[in-house]
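Fold and geometry: a report
What follows is the residue order along each chain.
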Amino acid sequence: MSVNRVERRPRGELPRVLVVDDEADIRELLDLTLLRMGLTADCAGTVAEAKGFLAAERYQLCLTDMRLPDGEGIEIVRLIGERYPETPVAVITAFGSTENAVAALKAGAFDYLAKPVALEQLRGLVKSALSLPQSRQTLDAAARSGNLLGESPAITQVRDMVGRLARSQAPVYVSGESGSGKELAARLIHRHSARSAAPFVPVNCGAIPENLMESEFFGYRKGAFTGADSDREGFFHAAHGGTLFLDEVADLPLLMQVKLLRVIQEKKVRRVGATVEEPIDVRIISATHRNLKDCVDKGAFREDLYWRLNVIELKMPPLRERHEDIPVLVAALVERIGDGNPPRVAPEALHALSTYSFPGNVRELENILERASALCADALIRPEDLHLAPTGHCDEAVEGGRSGETLDQHMDRVERQAILEALAKTGFNRTAAARLLGVTFRSLRYRIERLGIEE
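This text gives an overview of the structure that appears in the document. (Residues numbered from 1 in each chain as written. Predicted model: local features only at pLDDT ≥ 70, side-chain atom pairs only at ≥ 80, totals over all residues. Heavy atoms only, no water.)

Some words on unusual backbone geometry
The condition is simple: Runs of H or I in DSSP of at least four residues are treated as helices and runs of E of at least two as strands, each being numbered from the N terminus. Buried, partly exposed and exposed residues are distinguished by accessible area as a fraction of the type maximum, computed with a 1.4 Å probe on protein chains only: under 20%, between the cut-offs, and over 50%, respectively.
Here the residue pair Lys115 and Pro116 is connected by a cis peptide bond, since its omega of -5° sits within 30 degrees of zero. Tracing the chain through its elements places Pro116 in the loop between β7 (111-114) and α5 (119-130). Here the phi dihedral of Lys267 falls at roughly 55°; this positive angle occurs in a residue that is not glycine. In this fold, Lys267 is placed in the loop between α11 (254-266) and β11 (268-269). A residue is classified by how much of its surface remains accessible, and Lys267, at 24% relative accessible area, is partly exposed. Of note in this structure, Asp378 is not a glycine but carries a positive phi near 60°. Position of Asp378 relative to the elements: it lies in the loop between α16 (361-375) and β16 (380-381). Overall, Asp378 belongs to the exposed group, its relative accessible area being 61%.

What follows is the structure in structure tokens.
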């Protein structure tokens, strides 16, 4: 097959795809598949030919092999990222070449396919790529509306990263302290990606008993164990076509890490009690407040899984590094808390908030304002309504200073105090306390057990 055969096909206004592969049978397979999907393709067999097509035409998608006679497909990935950033590019790798796939994703590839190419996966990838949002300005505005508020350099960089990650299928690792907005960022990435019409499934890995993890993640067949009286889907099935958010992923036991790694590599899951694997299409975004690399160094987290999850890292800044955003956040939070009748914030109270260290980050700010709104008189929040810890103590806790208290210890103490206050206000009704704290009942129960709180 001539690489330019499609030049003779009438194109009209059909979306255009650039196919780059040195094997004629692969080019023909991709060309015919795209044609049946209502797309038109230009086919190139070398890096040089691909560059010529890119210079002459605009494409809605590029599919490129990783190994080409005159270079590597990653050259095309980088070229498109630099000169044609609105064109998603997916790479085709040899079976088992996960290192090449990860390298391509890090370089900016939208997704990857393994040879032999499965047509169902190819069609799904193409549909996802063609449904990507075209404007990063639109994504930035959406990120602002999603509470990634502020104009500090730190949060501006996060919004830019969210926009770029929404145009990719690469696994994302969101790092940052507790309360810094990791799940919010993950939801925004999903909401403005090609997967937005499919489910976003958040999972707190630290809240699942170890003996239930496999059945919760992968589902089970009827009769697989005592009590399994019907088939049940797991988290991966629930997130099929969408995004699975693994919060506190560092809490996964090592045995579960092995099974998760296989699912990521094979893109298949096997239910408990089943004999065959089922293909699954899920994008994974993971997060933890712990330093995942330290967990790897200590042997508590598998290094191979770390590199598969941490293809691209999104760092959420702590609130103490973006103090200039506090007035904007305060205004937005009291408006939401007040539900149409927000309390006013005295200038002295705003100043106190602007100089506070916030070891609990935005979540702590929200809790402080909710408490102050309930306690303040005349719908005016004053400094005494905030009940802030002494600034010096917070700074020592954040920096691991003279008090000897680590950040995790300080945050556990702050969390314990907030839970005890909520339980006291609700007469130790856990359901009501969870609602007051803005967490699920299951999450509150896990936190109570983890912190050793006695009621």
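Describing the sheet that holds β7
To keep it simple, the criterion reads: For two strands to pair, DSSP has to find at least two bridges joining them. Whenever a helix is involved, its axis is fitted only over the stretch in contact; in every case the axis is a line through C-alpha atoms, and angles between N-to-C directions fall within 0 to 180 degrees. Note on contacts: a residue pair qualifies if any of its non-hydrogen atoms lie within 4.5 Å across the two residues.
Reading across from one edge, β2-β1-β3-β6-β7 is the order of the 5 strands in this open sheet, with parallel pairing throughout. Both outer strands of the open sheet, β2 (40-44) and β7, are each paired with one neighbouring strand and no more. For this sheet, the mean angle separating the axes of adjacent strands, direction not counted, is 20°. Sitting on the sheet, helix α2 (residues 47-56) touches β1 (16-20) and β2, and the angle it makes with β2 is about 140°.

With respect to the side chain of Gln169
Rules: Pairing of N or O atoms within 3.5 Å defines a polar contact, subject to two protein rules: one partner must be a possible hydrogen donor and the other a possible acceptor, and residues neighboring in sequence count only if both atoms are side-chain atoms.
Summarising the element assignment, Gln169 is placed in the loop between α7 (153-165) and β8 (172-175). A polar side-chain atom of Gln169 sits 2.8 Å from a polar atom in the side chain of Arg195. In this structure, Gln169 is in contact with Phe110, Asp111, Ser128, Arg195 and Arg283, ignoring residues within four places of it in sequence.

Concerning the packing of aromatic side chains
Rules: Any two of the Phe, Tyr and Trp rings considered here, Trp counted by its six-membered ring, make a pair once their centres fall within 6.5 Å; the pair's planes then place it as stacked at under 30 degrees, edge-to-face at over 60, or tilted in between. We count a charge as sitting over a ring when the NZ of a lysine or the CZ of an arginine lies within 6 Å of the ring centre and within 35 degrees of the ring normal.
Applying the stated rule across the entire model yields 8 aromatic pairs. For the pair Phe218 and Phe236, a centre-to-centre distance of 5.8 Å together with 35° between the ring planes defines the contact as tilted. On the criterion of sequence distance, the pair formed by Phe218 in helix α9 (residues 213-218) and Phe236 in helix α10 (residues 235-238) is long-range, its members being 18 residues apart. Note on Phe236: relative accessible area 1%, which makes it buried. Three or more aromatic residues link up through ring pairs in this structure, and these residues are Phe217, Phe218, Phe235 and Phe236. A cation over an aromatic ring shows up here: Lys267 above the ring of Tyr112, its NZ or CZ 4.3 Å from the ring centre.

Some details on helix α21 (residues 441-451)
All of the buried residues along α21 are Ser443, Leu444, Tyr446, Arg447, Ile448 and Leu451. In the segment just after α21, Gly452 is the residue with positive phi, at about 70°.

Things to note about the environment of Val174
Mapping Val174 onto the fold places it in strand β8. Residue classification places Val174 among the buried positions, given a relative accessible area of 0%. For the pair Val174 and Leu314, spaced 140 residues apart in the sequence, the C-alpha separation amounts to 4.7 Å. In this structure Val174 touches Lys182, Ile285, Ser286, Ala287, Thr288, Leu314 and Met316, once residues within four positions along its chain are discounted.

Digging into the nonpolar core
Quick reminder of the rule: Buried Ala, Val, Leu, Ile, Met, Phe, Trp, Tyr and Cys residues form a nonpolar core when they are joined through side-chain atoms within 4.5 Å.
If you look at the biggest cluster of nonpolar residues, it comprises 45 residues, and the most contacted ones within it are Leu18, Val20, Ile76 and Leu314. Sequence-distant contacts of Ile76, defined by excluding residues within four places in its chain, comprise Val20, Val47, Ala50, Leu54, Cys62, Thr64 and Leu68. Ala250, Val282, Ile284 and Leu309 belong to the second largest nonpolar core, which has 32 residues in total.

Section: the pattern of salt bridges
Selection rule: The salt bridge definition used is simple: a Lys or Arg side-chain nitrogen within 4 Å of an Asp or Glu carboxyl oxygen.
In the structure shown here, the tally under the stated rule is 23 salt bridges. With a shortest N-O distance of 3.7 Å, Asp21 and Lys115 are connected by a salt bridge. Placement of the pair is Asp21 in the loop between β1 and α1 (24-36) and Lys115 in the loop between β7 and α5, with a sequence separation of 94 residues. By relative accessible area, which is 0% here, Asp21 ends up buried. Arg336 serves as the salt-bridge partner of Glu366, at 1.9 Å between the closest nitrogen and oxygen. Highlighted residues: Glu366 in helix α16 and Arg336 in helix α14 (residues 326-338), separated in sequence by 30 residues. Residue classification places Arg336 among the partly exposed positions, given a relative accessible area of 44%. Members of the salt-bridge network, linked through shared partners, are Asp21, Glu23, Asp65 and Lys115.

So, the environment of Asn204
Within the secondary structure layout, Asn204 lies in strand β9 (residues 200-204). Counting along the chain gives 42 residues from Asn204 to Leu246, while the straight-line C-alpha distance between them is 6.3 Å. Other than its neighbours up to four places away in sequence, Asn204 contacts Asp247, Glu248 and Ser443. Within the local environment of Asn204, its side chain forms a polar contact with the backbone nitrogen of Gly206, the two atoms lying 3.0 Å apart.

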